[in-house]
Amino acid sequence: MEFLTFRTRVRIDGVMPERALLKLRRAGIALYRVKKVQKTQILLEVKKKDVEKVFAIYPNVCYNSSGYSPYTATVLGDIGLAKAWAFVKNRVGLIVGGLAFCALTLFADTLVFSVDVVGTRAYDREVKSILESYGVKPFSKYGADGVDEICSEILRLDGVEYCTVKKSGLRVVVDIRLAKFHKPTLSTGDMTAKRSGEIRRITVIRGTPLKNVGDTVVSGEALVGGYFQTESGTQKTVAPIARAELACAYECLFTAESEEQAFAAAYLELGLGEYDEIENAEITQTENGYIVKIAYTAIETMNF
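Residues numbered from 1 in each chain as written. Predicted model: local features only at pLDDT ≥ 70, side-chain atom pairs only at ≥ 80, totals over all residues. Heavy atoms only, no water.

With reference to specific residues and values, describe the sheet that holds strand β14 (residues 222–225).
Spatially, three strands are ordered β10-β14-β12 in an open sheet, and the strand pairing comes out antiparallel. Edge positions in the sheet fall to β10 (191–192) and β12 (208–209), since each has one partner strand and no second. Across two bridges, the pairing between β12 and β14 is antiparallel. What sits directly across from Pro209, in β14, is Val224. (Pairing = 2+ DSSP bridges. Helix = DSSP H or I, 4+ residues; strand = E, 2+ residues; numbered from the N terminus.)

Put into structure tokens, the structure is as follows:
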């Protein structure tokens, strides 16, 4: 098969060019597919490794030659595997870049950058909590193995009659629908902080505020009580409806090759929510790596 050959096509020019073949054969050069196409011209093929030997006997017309020769050799191109190798060698950067791009695309396709709940936001918090329990959250790897279990958990929520979980690009989209005329059940209990920080703003539509602006809270501490005080002095349980804005700080030491890698590692570990925002980032190089400090705003909500 011609493709499996590793040869180069050569043209010999000169008077009675067939005589030039004798000198090539005496030099131990194997000749293939010899064909006289004109009175002063012969086409032939030689092994790729013998091309330099041909030029040593007969000069290449592409170069200046010192001394006279009755015949000249011209390379017409590689064939078979030699041609394929030349193509790869000349485009190695492009090919490597393409392979790297494909690899990164395939890798990125398994990542989750955001979780979006559509259809209704009544159970936004509960749905994201269910997904997180199965390892599906921002900046995590996505696996479709647990989709049926996730949908089963969501369908157990009061009034949910339809649920789908799909990967769309770098997003996981959860589409849930409530039964017609269904009034969703609000989450009950105290609203607790998911992060530690200082309260900048707090809005309570229902419930009892347990913290004020300027107070410092730690993760897990109650921000809004799931009750309110009646005129008679008793407490009545309610589902809190509230929103809080916290000023938070993060600091960690990372072993990395550059500031960019250190920041990327910190960003992934921080796991910001959909509405959280970075205000400032400071990266300091030390003997042991990079210290990354990030100031950010975290948004805490419940039934809001």
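How would you explain the packing of helix α5 (residues 124–133) against helix α6 (residues 147–155) if you had to name every residue and give the values?
Contact geometry for α5 and α6: axes closest at 10 Å, N-to-C directions at 150°. Considering their axes alone, α5 and α6 lie roughly antiparallel with respect to each other. Read as a crossing pair, α5 and α6 show a hand that is right-handed. Along its contact with α5, which presents Val127, Ile130 and Leu131, the element α6 presents Ile150, Glu153 and Ile154. In terms of residue class, the contact of α5 with α6 is made up of five nonpolar, no polar and one charged. (Axes fitted to C-alpha atoms, helices over the stretch in contact; angles between N-to-C directions. Parallel < 35°, antiparallel > 145°, perpendicular 65-115°, else oblique. Left-handed = near helix turned anticlockwise from the far one by under 90°. Contact = heavy atoms within 4.5 Å. Nonpolar A, V, L, I, M, F, W, Y, C, P; charged D, E, K, R; others polar.)

Give me the nonpolar core: which residues, what numbers.
Across soluble globular proteins, nonpolar side chains show a tendency to be buried alongside one another. If you look at the biggest cluster of nonpolar residues, it comprises 22 residues, and the most contacted ones within it are Met191, Leu223, Tyr250, Ile294 and Tyr296. At the level of elements, β14, β17 (241–254), α7 (259–270) and β19 (289–302) are the ones that each hand at least two residues to this core. With near-sequence residues (within four places) excluded, Tyr250 lies in contact with Ala266, Glu269, Leu270, Val292, Lys293, Ile294 and Tyr296. Among the nonpolar cores identified, the runner-up in size contains 20 residues, and Cys151, Ile154, Val160 and Leu178 belong to it. (Core = buried A, V, L, I, M, F, W, Y, C linked by side-chain atoms within 4.5 Å. Buried < 20%, exposed > 50% of the residue type's maximum accessible area, 1.4 Å probe, protein only.)

Any details on the sheet that holds strand β18 (residues 277–286)? Residues and values, ideally.
Spatial ordering of the open sheet is given by β13-β11-β17-β19-β18, a layout of five strands whose pairing is antiparallel. The sheet terminates laterally at β13 (216–217) and β18, the two strands that pair on one side only. Each of β17, β18 and β19 is contacted by α7, which is oriented at about 30° to β19, the strand it contacts most.

Which residues make up the layout of surface pockets, and what values go with them?
Each pocket or cavity is described by its volume, and for the largest pocket that value is around 1,300 Å³. Lining the largest pocket are 40 residues, and of these Asp124, Lys128, Lys194, Gly273 and Glu274 sit closest to its centre. Looking at the lining of the largest pocket, the elements with two or more residues in it are β6 (114–118), α5, α7 and β19. Ranked by residues supplied to the lining of the largest pocket, first place goes to α5 with seven residues. Its residues assigned to classes, the lining of the largest pocket comprises 17 nonpolar, nine polar and 14 charged. (1 Å grid on protein atoms, 1.4 Å probe; cavity = no way out; pocket = protein on both sides within 12 Å on 5 of 7 lines; lining within 4 Å. Points joined across faces, edges and corners; volume = space filled by probe spheres on them.)

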